[in-house]
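An overview of the molecular structure
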Amino acid sequence: MSDPTPVIDDLREESEELDALVAELSPEGWRRATPAPGWTIAHQIAHLNWTDRAALAAVTDEDGFRALVEQALAAPDRYVDDGAEEGAKQDPAALLTAWREGRAALDEALRTAAPGARFPWYGPPMATASMATARLMETWAHGLDIAAALGVTRPPTGRLRHVARIGVRARDFAHATHGLTPPAEPFRVELTGPGGDLWTYGPEDATQRVTGPALDFCLLATQRAHRADLALTAEGPDADRWLDIAQAFAGPPGAGRPPGAGRPAQGEPR
């Protein structure tokens, strides 16, 4: 059984870096538009706060989480935007405090969860490490939108390994959300990390393959850039189709970013 502590530590670090970007913003700064249509910086943090608290309920209050799922099922096309809109109406100081308190409570719950525990989620149930990975993935992705709104570059780090892994593991889920039957055979995925090391997934002799920069794969899986603007290569028709629908997050398929919008600005890797 793998120790979830490293990914929980990385989640905390990712969150703290994003916190530093918004902590000193003026009220006008919180209202800056981000690349997500209709979402300001306040919407982005409100969404992270909402999903952190949903994850906390999944870990500590299964009945409470079931009620959240019922709300989502009642309005599947609106519940994400509605939650962000409601949270964004808060005073920025109150929203920032709520986000900090929520993620601190989740951090504690994940660290004290029973070994081998699995928790319900909007997609497949998750182990402790997987839940922390999902939260890191969302924090990184929404942090990219906030950084873009502020004109800030955020250098890619080794924490992207977690995002890449959940993107690979979500292959079958991405097919299911599009009403497609997942391919029967495993894929080979070879990604070059920010430090130049190779991250590999799947059997080496697989006929369906995806290769390219880890950053680009993470941008694709979180739908922060269109496939046409990324340096990813697919070998085989199934791998090629996957790159059109890849999705690391739970819920219905997202609209993604249009082709030609480019990639979020990135600094030197670290």
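The rules we used
- Residues numbered from 1 in each chain as written.
- Predicted model: local features only at pLDDT ≥ 70, side-chain atom pairs only at ≥ 80, totals over all residues.
- Heavy atoms only, no water.
- Helix = DSSP H or I, 4+ residues; strand = E, 2+ residues; numbered from the N terminus.
- Rg over C-alpha atoms; globule rule 2.2 N^0.38 Å.
- Buried < 20%, exposed > 50% of the residue type's maximum accessible area, 1.4 Å probe, protein only.
- Contact = heavy atoms within 4.5 Å.
- Areas by Shrake-Rupley, 256 points an atom, 1.4 Å probe, with all protein chains shown as cover.
- Lys, Arg positive; Asp, Glu negative; His and termini not counted.
- Charge placed at Lys NZ, Arg CZ, Asp CG, Glu CD.
- Pairing = 2+ DSSP bridges.
- Axes fitted to C-alpha atoms, helices over the stretch in contact; angles between N-to-C directions.
- Parallel < 35°, antiparallel > 145°, perpendicular 65-115°, else oblique.
- Left-handed = near helix turned anticlockwise from the far one by under 90°.
- Phe/Tyr/Trp six-rings, centres within 6.5 Å; stacked < 30°, edge-to-face > 60°.
- Lys NZ or Arg CZ within 6 Å of the ring centre and 35° of its normal.
- Polar contact = N/O pair within 3.5 Å; in protein donor to acceptor, adjacent residues only side chain to side chain.
- Core = buried A, V, L, I, M, F, W, Y, C linked by side-chain atoms within 4.5 Å.
- Salt bridge = Lys/Arg side-chain N within 4 Å of Asp/Glu carboxyl O.

The chain carries the name TIGR03084 family metal-binding protein in an unreviewed UniProt entry, which gives Streptomyces violaceoruber as its organism.

Describing the overall build of the chain
A count of helical and extended segments in the chain gives 11 helices and six strands. For a compact globule of 270 residues, the expected C-alpha radius of gyration is about 18 Å, and the chain comes in at 18 Å, within 12% of that figure. Projecting the C-alpha coordinates of the chain onto the three principal axes gives extents of approximately 55 × 40 × 35 Å. Each of the 270 residues in the chain was classed as buried or not, and the buried ones make up 49%. Sequence separation of at least 24 residues holds for 69% of the intrachain contacts in the chain that already meet a minimum separation of 6. In the form shown here, the chain has an accessible surface area of approximately 12400 Å², with 52% of it arising from carbon and sulfur atoms. Charge-centre separation for the chain: the mean point of 26 positive side chains lies 1 Å from the mean point of 39 negative side chains.

A short note on the sheet that holds strand β3 (residues 188-192)
Strands sit in the order β4-β3-β5-β6 across an open sheet of four strands; the sheet is mixed. If you trace the sheet from one side to the other, it starts and ends with β4 (198-201) and β6 (233-235), each paired once. Averaged over all pairs of adjacent strands, the angle between strand axes in this sheet comes to 10°, irrespective of strand direction. Across the sheet, helix α8 (residues 160-169) is in contact with β3 and β4; its angle to β4 comes to roughly 25°. Packed onto the sheet, helix α10 (residues 214-221) meets β3, β4 and β5 (209-213) and runs at close to 110° relative to β5.

Points about the packing of helix α3 (residues 41-60) against helix α4 (residues 62-74)
Across the interface, α3 lies against α4 with an axial gap of 6 Å and an inter-helix angle of 135°. By the angle between their directions, the pair α3 and α4 is classed as oblique. When the axes of α3 and α4 are compared, the crossing they make is left-handed. Across the interface between the two elements, A54, A57, A58 and T60 of α3 pack against E62, F65 and L68 of α4.

Concerning the packing of aromatic side chains
How two aromatic rings sit relative to each other is given by the distance of their centres and the angle of their planes. Enumeration over the complete set of coordinates arrives at eight aromatic pairs. Ring centres of F65 and W121 lie 5.6 Å apart, and the angle between their planes is 10°; this geometry places the pair in the stacked category. Highlighted residues: F65 in helix α4 and W121 in the loop between β1 (118-119) and β2 (126-127), separated in sequence by 56 residues. Over the aromatic face of W99 sits the side chain of R103, whose NZ or CZ is 4.3 Å from the ring centroid. The ring centre of F187 lies 4.3 Å from the NZ or CZ of R171, which sits over that ring.

Focus: the packing of α8 against α10
Each packed pair of helices is defined by two parameters, the angle between the axes and the distance between the axes. Following both chains from N to C, one finds α8 and α10 inclined at 55°, their axes separated by 9 Å at the closest point. Taken together, the axis directions place α8 and α10 in an arrangement best described as oblique. With respect to the hand of their crossing, α8 and α10 are arranged in left-handed fashion. Of α10, the residues touching α8 (which contributes L160, V163, A164, G167 and V168) are L215, F217, C218 and A221.

Let's talk about the side chain of E190
Among the structural elements, E190 can be located in strand β3. A distance of 3.1 Å separates the side chain of E190 from the side chain of R188, its partner in a polar contact. The contact partners of E190, leaving out residues within four places of it in the chain, are L198, W199, T200, R209, V210, T211 and G212.

Some points on the nonpolar core
One finds L110, W121, M131, W140, L191 and W242 to be the most contacted residues of the largest nonpolar core, which totals 54 residues. Residue contributions to this core peak at eight residues, all from helix α7 (residues 128-150). With sequence-adjacent residues up to four places away left out, L191 is seen in contact with A164, D197, L198, W199, Y201, G212, P213, A214 and F217.

Remarks on the side chain of D10
Considering the arrangement of structural elements, one finds D10 in helix α1 (residues 5-22). It is R159 that comes nearest to the buried, bridge-free D10 among opposite-charge side chains, at 5.6 Å. Apart from the residues lying within four places of it in its own chain, the contact partners of D10 are L136, R159 and H162.

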